[in-house]
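This is what each chain is made of:
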Amino acid sequence: MISLHRSCFLNNSGISGSSSLFSYKLNKLPPASVKATALGPNSDTNASVLIENKAFKEITQDGTSAAANVDINLTVAGGDREVYYDDAATEDQLVTPWSVSVASGYSLLRDPHHNKGLAFTEKERDAHYLRGLLPPTVISQDLQVKKMMYSIRKYKVPLQKYMAMMDLQETNERLFYKLLIDNVEELLPVVYTPTVGEACQKYGSIFRRPQGVFISLKEKGKIHEVLRNWPQKDIQVIVVTDGERILGLGDLGCQGMGIPIGKLSLYTALGGVCPSACLPVTIDVGTNNEQLLNDEFYIGLRRRRATGLEYAELMDEFMTAVKQNYGEKVLIQFEDFANHNAFDLLAKYGTTHLVFNDDIQGTASVVLAGLVAALKVVGGTLADHRFLFLGAGEAGTGIAELTALEISKQTNMPLEEAHKKISLVDSKGLIVKSRIDSLQHFKKPWAHDHEPIKKLVDAVNGTKPTVLIGTSGVGRTFTKEVVEAMAALNDKPIIFSLSNPTSQSECTAEEAYTWSKGRAIFASGSPFDPVEYEGRVFVPGQANNAYIFPGFGLGLIMSGAIRVHDDMLLAASEALAAQVTQENFDKGLIYPPFKNIRQISANIAANVAAKAYELGLATRQPRPKDLVKYAESCMYNPAYRSYR
């Protein structure tokens, strides 16, 4: 009896990647058809499946075939899985493009996981019945990348580039990731912010093929079965949104699916997490966006948003079903939930699930890394600086709390004292003690003894910050008056304008450098072009969450972590800050260039994994000796594989 396990590819000695429904690890290739006993995707009973294909079926003279009876061990309900992203260990071996059967012919060209387009060799075209289905030319993957970049650059509208990339992802997965990895600085704004914001706004109009799981109120009571409809079973990262607060664009309902899809493409491209282990999910509880409710192309539920018990019960069923289907170690990343749900969900499930909120924790970690790096330019320690935030939602309070934790850790200062170095301004002005009874719970730690102040410029002059951070989601709120006030108070004011997309940024890079007379240390959430001021070229930093979450997730996966701890976020920040070189500082950068992002992610993953082992939260034993090298070896490699 041969024991089979699902994996990325079928090869002679190991696992790498995943297939569309079942794929297996074999000690040797079965001589003919495979009789597979497995759990049916929609029932708890065993289903016997006969898998056959001429590509490996040996026909005897009397027409019978040799067969291998195979017992498949599918621990669907959350058992420990040995699925690893060991492309580096097996990339020199021949593999079989395995799905329910060995993919061949026309079906192989329509399978995005195994399609190679014109890169199929002459031998592969013969073996897999591709003769006549492709033009005669054979080209390399590198030439395909060159051709695709030539085509994408011809588009002048960013949304057209986005749609071209999504089409490629749905037809040739490995070429998509190869393209994105090799051209990350150019294509990151296309598949992620700011273009993904416009894509979500128009998602109903551009929607073609589903790329994730949509769970609406219609699925209440059967979410466990809905998740099992997804063909991949070894899921290790889920990005989920309910679409209520997409970037700075507000409630986009079901059309928020563009965010989980974009985030997970970066988990693979930047962090090396196998694409088959990633699952985008949208929870559709309706929308309060009247424009969408009246849009004939809207793809979601046409009702007002569910709240209270109805909402809580659906989310609880979802979280329970995830653990039942995928086990204790699946990472669930909450994305773009509104404040009133985001904090409660993180607090509720943080003790029972491996959960991470990118808007609260990811943003905090990447901004803290920028602050730590900026200290090498402006001098002093974090405790020597004063911080003023415009915006007191998920991002603002998340950054403030993690910064206070780092100050407390560095100085042994009580956390309450560290809080006093940080002030927040919300829509009603400076958060002060006299307002405490009317404040939401997550704002109360920042209510200090100070007279009420309404205007931001007055708050700057009143609190005298060295660091100004914008997370308001409101564009152009860092006015000339505000920036000049910061420059008057500080020789090198640190100004972070973090709101996305670009239209919502508190100020532009050009405004920050010009109004501060070239003295500002600037970073933004969305990308800005370099700025020339008085003969000097400034390259603005981008405090992009994509620096953190892919490597952070890889670190959790490779250590088998079962919970997220704040110290892991601090470890990620420290690892990112350490990657900034003197050459970067000389250009005005406080973040390393994205062209090195996979190496950056490997270092972040190693730091996070080390902290997981230190805290006793890692389950994958023994601990690897060199965590950086181990992280690199776990990363998905999009290079084409050679087929039998």
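Conventions adopted
Residues numbered from 1 in each chain as written. Predicted model: local features only at pLDDT ≥ 70, side-chain atom pairs only at ≥ 80, totals over all residues. Heavy atoms only, no water. UniProt positions renumbered as here; feature names shortened; annotations may be inferred. Buried < 20%, exposed > 50% of the residue type's maximum accessible area, 1.4 Å probe, protein only. Helix = DSSP H or I, 4+ residues; strand = E, 2+ residues; numbered from the N terminus. Pairing = 2+ DSSP bridges. Right-handed = clockwise from strand over helix to strand, strands pointing away. Contact = heavy atoms within 4.5 Å. Disulfide = S-S within 2.5 Å. 1 Å grid on protein atoms, 1.4 Å probe; cavity = no way out; pocket = protein on both sides within 12 Å on 5 of 7 lines; lining within 4 Å. Points joined across faces, edges and corners; volume = space filled by probe spheres on them. Nonpolar A, V, L, I, M, F, W, Y, C, P; charged D, E, K, R; others polar. Axes fitted to C-alpha atoms, helices over the stretch in contact; angles between N-to-C directions. Salt bridge = Lys/Arg side-chain N within 4 Å of Asp/Glu carboxyl O.

The name given to the protein in an unreviewed UniProt entry is Malic enzyme, with Gossypium darwinii as the source organism. Per UniProt, the protein has the following entry under Sequence similarities (unreviewed entry): "Belongs to the malic enzymes family."

A. Representation of the pairing of strand E10 (residues 331-334) in the model. Side chains of E10 alternate between two faces, with Leu-331 and Gln-333 and Ile-332 and Phe-334 buried alike. Here strand E8 (residues 237-241) pairs with E10 via four bridges, running parallel. Each residue of the ladder has a partner; that of Val-237, found in E10, is Leu-331. Read from E10 through helix H14 (residues 339-349) to strand E11 (residues 354-357), the crossover connection turns out right-handed.

B. Examining the side chain of Lys-611 more closely. Tracing the backbone shows Lys-611 in helix H24 (residues 597-614). Taking the relative accessible area as the measure of exposure, Lys-611 reaches 16% and is therefore buried. Apart from residues no more than four positions distant in its own chain, Lys-611 is found in contact with Asp-567, Met-568 and Ala-571.

C. Broad picture of the state of the cysteines. Inspection of every chain in the model, using the stated rule, returns zero disulfides. With no disulfide of its own, Cys-278 lies closest to Cys-274 among cysteine sulfurs, the gap being 7.5 Å.

D. Structural detail: the pairing of strand E9 (residues 278-284). When you tally the buried positions in E9, you get seven out of seven residues, the bulk of the element. Side chains Cys-278, Pro-280, Thr-282 and Asp-284 project from E9 onto one buried face, and the interleaved Leu-279, Val-281 and Ile-283 project onto a second face that is buried too. Where strand E7 (residues 213-216) meets E9, four bridges bridge the pair, whose relative direction is parallel. Paired with Val-213 across the strands is Val-281, a residue of E9. Bridging between E8 and E9 involves five bridges; their strand directions are parallel. Opposite Thr-241, over in E9, you have Thr-282 as the bridge partner. A crossover links E8 with its parallel partner E9, the connecting element being helix H11 (residues 258-269), and its sense is right-handed.

E. Focus on the layout of surface pockets. Here the largest pocket defines a volume of roughly 950 Å³. Taken together, 48 residues form the lining of the largest pocket, with Arg-245, Thr-471, Ser-472, Gly-473 and Ser-499 sitting closest to its centre. Counting only elements with at least two residues in the lining of the largest pocket, the list comes to H11, H14, helix H15 (358-378), helix H16 (394-411), strand E13 (422-426), helix H18 (456-463) and helix H19 (480-489). It is H15 that contributes the most residues to the lining of the largest pocket, four residues altogether. Of the residues belonging to the lining of the largest pocket, the class tally is 15 nonpolar, 21 polar and 12 charged. What the second largest pocket holds in volume is close to 670 Å³. As for the second largest pocket, its lining consists of 30 residues, and the residues nearest its centre are Glu-185, Val-539, Pro-540, Pro-593 and Phe-594.

F. Up close: the sheet that holds E9. Taken together, the five strands give an open sheet; going across it, the order is E7-E9-E8-E10-E11, and neighbouring strands pair in parallel fashion. Strand pairing shows two members of the sheet lacking a second neighbour, E7 and E11, which therefore form its edges. Sheet twist, expressed as the mean angle between neighbouring strand axes with direction ignored, is 25°.

G. Broad picture of the pattern of salt bridges. This model, assessed by the stated rule, comprises 32 salt bridges. For the salt bridge of Glu-313 with Lys-220, the shortest nitrogen-to-oxygen distance reads 2.7 Å. A residue pair is termed long-range when its members are at least 10 positions apart, and Glu-313 in helix H13 (residues 308-326) and Lys-220 in the loop between E7 and helix H10 (223-228) qualify at 93 residues. Look at Glu-313 and you get partly exposed, because its relative accessible area is 36%. Residue Asp-316 pairs with Lys-348 through a salt bridge whose shortest N-O separation is 3.9 Å. Here Asp-316, found in helix H13, pairs with Lys-348, found in helix H14; they are 32 residues apart in sequence, far enough to count as distant. What you see here is one network of salt bridges that share partners, running through Asp-167, Glu-170, Arg-208 and Arg-209.

H. Molecular detail of the UniProt feature "active site" (unreviewed entry) in the protein. UniProt records the feature "active site" (unreviewed entry) at Tyr-192 and Lys-263, using the numbering of this structure. Look at the named residues: they lie 72 residues apart in sequence, but the longest C-alpha span between them is just 7.3 Å, so in the fold they bunch up. From this annotated list, the subset lining the largest pocket comprises Tyr-192 and Lys-263. In this structure, Tyr-192 sits in the loop between helix H7 (184-191) and helix H8 (195-201). Apart from the residues within four sequence positions on either side, Tyr-192 is in contact with Lys-263, Leu-266, Asp-358, Asn-544, Asn-545, Ala-546 and Phe-549. In this structure, Lys-263 sits in helix H11. Aside from chain neighbours lying at most four places away, what touches Lys-263 is Tyr-192, Val-239, Gln-333, Glu-335, Asp-358, Asn-545 and Phe-549.

I. Representation of the sheet that holds strand E12 (residues 387-390) within the structure. Across the sheet, seven strands lie side by side as E14-E13-E12-E15-E16-E17-E20; this open sheet has mixed pairing. The two strands at the open ends of the sheet, each matched to only one other strand, are strand E14 (429-430) and strand E20 (541-542). Across four bridges, the pairing between strand E16 (residues 494-497) and strand E17 (residues 521-524) is parallel. When the sheet's bridge partners are listed, Ile-494 is paired in E17 with Ile-521. Helix-sheet contacts for H15 involve E12, strand E15 (467-470), E16 and E17, and the interaxial angle to E16 is about 155°.

J. Highlighting unusual backbone geometry. With an omega of -10°, the peptide bond between Asn-500 and Pro-501 qualifies as cis. Following the sequence through the fold, Pro-501 ends up in the loop between E16 and helix H20 (509-515). That bond from Gln-621 to Pro-622 is cis: its omega, -5°, falls within 30 degrees of zero. Inspection of the secondary structure assignment puts Pro-622 in the loop between H24 and helix H25 (627-634). The backbone of Leu-247 sits at a positive phi, close to 50°, despite the residue not being glycine. Among the structural elements, Leu-247 can be located in the loop between E8 and H11. Using a relative accessible area of 15% as the deciding quantity, one classes Leu-247 as buried. You will see that Arg-476, though not glycine, has its phi angle at about 60°, which is positive. Considering the arrangement of structural elements, one finds Arg-476 in the loop between E15 and H19. Using a relative accessible area of 41% as the deciding quantity, one classes Arg-476 as partly exposed.

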